[in-house]
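Remarks on the overall topology
Letter by letter, the chains look like this.
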Amino acid sequence: MESNYLRAVLAQWASGVVVVTTVRADGGRHGMTASSFTGVALDPPLISVCLVSTSTTCRMIRGSGVFAANVLGHDQQNIGRRFASPVWNAATDRFAAGQWDTASTGAAVLTDAVAWLDCVLTACHPAGDHTIIVGAVQDAATPRPIAPLIYHDRTYHEGIVR
Ligand SMILES: Cc1cc2nc3c(=O)[nH]c(=O)nc-3n(C[C@H](O)[C@H](O)[C@H](O)COP(=O)(O)O)c2cc1C
């Protein structure tokens, strides 16, 4: 199947939006926007994200062995856009938007996220040009349980009323 066609079909699936963060080799932080977040298991507590294997974030999660998933609120579109745009040079700081804290694994968590989950990497499953990243949840919180940001048909929507 032609990949642009498949992309258009898959765009009909509505999802929430997370920013996946991890720790760089130099101790700094990195992160990207993702819609492929899924709860996997309750016992033990596991979640997954599915990332392009060539993305910087995927490579860095493999290196650090930790990541966090930050669920964005309906009013955090700017953060979703920022973490999806290419990092052109070292001076570009995606974390310049939002207030960030450091969770127990060392991954960055958004202090006013709808929810966040702090994880230790347990598995990387190759899946075509993507990698399914599975993490064991070490800590989680719901700092601001408001309506989430929704992504559908390549457009951000302000979410369900809460
Ligand atoms: C709403 C939205 C959802 C996205 N979801 C994913 C995803 O689930 N997996 C993925 O690999 N890229 C996804 N992307 C694309 C990445 O955010 C984008 O390629 C980013 O620049 C990668 O950053 P990095 O190379 O610094 O890791 C998404 C982009 C947007 C706007």
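Below: a short report on this structure. (Residues numbered from 1 in each chain as written. Predicted model: local features only at pLDDT ≥ 70, side-chain atom pairs only at ≥ 80, totals over all residues. Heavy atoms only, no water.)

Counting buried positions over the seven residues of strand E5 (residues 46-52) gives five, a clear majority of the element. With three bridges connecting them, strand E4 (residues 38-41) and E5 associate as antiparallel partners. Bridge pairing links Ala-41 to Leu-46 in E5. Here E4 hands over to E5 after four residues, the two strands then running antiparallel side by side. Here seven bridges tie E5 to strand E10 (residues 130-141), and the two strands are oriented antiparallel to one another. Residue Ile-47 lies in a different strand from E10, and its bridge partner there is Gly-135. (Buried < 20%, exposed > 50% of the residue type's maximum accessible area, 1.4 Å probe, protein only. Helix = DSSP H or I, 4+ residues; strand = E, 2+ residues; numbered from the N terminus. Pairing = 2+ DSSP bridges.)

So, about the sheet that holds strand E11 (residues 150-152). If you trace the three strands from one edge of the open sheet to the other, you get E1-E11-E12, paired in antiparallel fashion. Two strands bound the open sheet, and with one partner strand each, they are strand E1 (15-16) and strand E12 (155-157).

Surrounding the ligand, one finds 17 residues, the nearest of these being His-30, Thr-33, Ser-36, Val-52 and Thr-57. At 2.7 Å, a side-chain N or O of Ser-36 approaches an oxygen atom of the ligand. A distance of 2.9 Å separates an oxygen atom of the ligand from a polar backbone atom of Ala-84. Coverage of the ligand by the protein chains reaches 78% of its 650 Å² of free accessible surface. Put simply, the parts of the chain that give the shell around the ligand at least two residues each are strand E3 (29-34), E5 and helix H2 (56-64). In terms of residue class, the shell around the ligand is built from nine nonpolar, seven polar and one charged. (Near = heavy atom within 4 Å. Polar contact = N/O pair within 3.5 Å; in protein donor to acceptor, adjacent residues only side chain to side chain. Areas by Shrake-Rupley, 256 points an atom, 1.4 Å probe, with all protein chains shown as cover. Nonpolar A, V, L, I, M, F, W, Y, C, P; charged D, E, K, R; others polar.)

All right, on to the nonpolar core then. Counting 19 residues, the largest nonpolar core has Val-20, Ile-47, Leu-51, Ile-61, Phe-67 and Ile-133 as its most contacted members. Breaking this core down by element, the ones donating at least two residues are strand E2 (18-23), E3, E5, H2, strand E6 (66-71), strand E9 (115-127) and E10. With four residues, the single largest contributor to this core is E9. Once you skip the residues sitting within four places of it in the chain, Ile-61 turns out to touch Val-20, Thr-22, Leu-51, Val-66, Phe-67, Leu-121 and Ile-133. (Core = buried A, V, L, I, M, F, W, Y, C linked by side-chain atoms within 4.5 Å. Contact = heavy atoms within 4.5 Å.)

Under the definition given, this model contains two salt bridges. With its nearest N and O atoms 2.9 Å apart, the salt bridge here joins Arg-24 to Asp-26. Asp-26 sits in the exposed class, given a relative accessible area of 59%. In this structure, Arg-144 and Asp-75 form a salt bridge, with 3.0 Å as the shortest nitrogen-oxygen distance. Here Arg-144 is found in the loop between E10 and E11, whereas its partner Asp-75 is found in the loop between E6 and helix H3 (77-82), with 69 residues between them in sequence. Note on Asp-75: relative accessible area 42%, which makes it partly exposed. (Salt bridge = Lys/Arg side-chain N within 4 Å of Asp/Glu carboxyl O.)

Quick look at the sheet that holds E2 now. Strands pair in a sheet through their backbones, by hydrogen bonds, and they do so in one of two ways: parallel or antiparallel. An order of E3-E2-E6-E9-E10-E5-E4 is seen for the seven strands of this open sheet, with the pairing classed as antiparallel. The sheet terminates laterally at E3 and E4, the two strands that pair on one side only. Here the average twist between neighbouring strands, direction ignored, is 35°. Contacts between H2 and the sheet are confined to E2, E3, E5, E6, E9 and E10, with E2 contributing the most and set at about 45° to the helix. (Axes fitted to C-alpha atoms, helices over the stretch in contact; angles between N-to-C directions.)

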